[in-house]
Amino acid sequence: MRLFEAIIDANHRAVGGDANAGLHPADFAEALPVIALTCIDPRLNALFPNALALPAEQFIWLRNAGNIITGPMTSTMRSLALACAVKGGREIAIIGHSDCQVAKTTTTVLLDKLKAVGVDRSRLPDNVNEFFGTFGSERQNVVKACNFARNSPLIGPKIPVHGLLIEIETGKLDWVVNGYDTLPASPLGQLPGMRFDSIGDLGSFKNFEMGEMKFPEMKIGDAALPENLVPPVTVPPPPKVATLPPLKITGKIPAPPPIQPRPRFPGR
Ligand SMILES: [Zn+2]
């Protein structure tokens, strides 16, 4: 059984009342850590990473309103790419949730709410839905996000991209896209014949030869200022910090106990 198959199995058993349900992370060390993209809904704070039966240090958590990806080269995609390349994430899970307020917000309501906080319609792009990536179906939104991530040239072909839905009142997880079944054949992580021609896509990269890109030796976040504009900085010596012991994955992480249904809060 592969990692997310074991996660969902343990989750279902735990939600079904099995007090012994859980995961032995050491059995899946090759697939950890996991990167999850979820919504910003605060009700999710109590669910993760327990719903996946993963230890916190093996759970890299990205969030945006509605767990939306609007294109293969967007800011969220760049964060997913860095989470893989810099933080060593091995599998990606895009996890939508039930009762998502983003899905319930129509364009008219969104414009009214933006206006109420001082954002006038005239300052927004014409196609507000496409711009914010708003959606009506959590399931379709997860499928769309998985397609963008799976076909993004920023994600390596060996990284599975899963799509899941979580029931916010019970913590129960369900498959939407099994990422083990959708690994691309192309070595570039780009499916044959795919084109980037929707919004939020390659943009200025369209006429760019990726193989010829030359990047200056700068750290991410460094500004490219002329030397005479860079103020001198005195860097204090680093404080002495006790060396942390190497991370050991041992024992069994219990899946969450059944979560008591909570009262539904009306959407704001
Ligand atoms: Zn949401």
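Residues numbered from 1 in each chain as written. Predicted model: local features only at pLDDT ≥ 70, side-chain atom pairs only at ≥ 80, totals over all residues. Heavy atoms only, no water.

I would appreciate a short explanation of the overall build of the protein chain in the present structure.
Looking only at helices and strands, the protein chain has five helices and seven strands in total. Scored against the burial criterion, the 268 residues of the protein chain give a buried share of 40%. Counting contacts in the protein chain only where the partners sit at least 6 residues apart, residues at least 24 apart contribute 75% of the total. Put simply, the protein chain shows about 16200 Å² of open surface, and 58% of that area lies on carbon and sulfur atoms. (Helix = DSSP H or I, 4+ residues; strand = E, 2+ residues; numbered from the N terminus. Buried < 20%, exposed > 50% of the residue type's maximum accessible area, 1.4 Å probe, protein only. Contact = heavy atoms within 4.5 Å. Areas by Shrake-Rupley, 256 points an atom, 1.4 Å probe, with all protein chains shown as cover.)

Looking at this structure, how should I read the sheet that holds strand 5 (residues 161-166)?
Across a sheet, strands are paired by hydrogen bonds formed along the backbone, either parallel or antiparallel in direction. If you walk across this open sheet you meet the five strands as 3-2-4-5-6, and the pairing is mixed. In the strand order of this sheet, the two ends are held by strand 3 (59-63) and strand 6 (173-177), each with one partner. Strand after strand, the sheet turns through a mean of 30° between neighbouring axes, direction not considered. Of the strand pairs in this sheet, strand 4 (residues 91-97) and strand 5 are connected by six bridges, and their pairing is parallel. Residue pairing in the sheet places G96 in a bridge with L165 of strand 5. (Pairing = 2+ DSSP bridges. Axes fitted to C-alpha atoms, helices over the stretch in contact; angles between N-to-C directions.)

Got a minute to help me understand the coordination of the zinc ion in this structure?
For a metal with four donors in a tetrahedral arrangement, the ideal angle between donors is 109.5 degrees, while six donors in an octahedron ideally sit at 90 or 180 degrees. Bound to the zinc ion on the protein side are C39 (SG), H97 (NE2) and C100 (SG), at distances that span 2.1 to 2.3 Å. Among the residues examined, C100 registers a relative accessible area of 2% and is labelled buried. (Donors = N, O, S within 2.8 Å, 3.2 Å for Na, K, Ca; no water.)

Explanation requested: unusual backbone geometry in the structure shown.
Both trends apply: most residues other than glycine have a negative phi, and most peptide bonds are in trans. Between L32 and P33 the backbone carries a cis peptide bond, its omega angle lying at 0°. Within the secondary structure layout, P33 lies in the loop between strand 1 (22-23) and strand 2 (34-38). Here the bond from F48 into P49 is cis, since omega is 0°, no more than 30 degrees from zero. Summarising the element assignment, P49 is placed in the loop between strand 2 and strand 3. Even without being a glycine, A53 presents a positive backbone phi close to 55°. When you line up the elements, A53 lands in the loop between strand 2 and strand 3.

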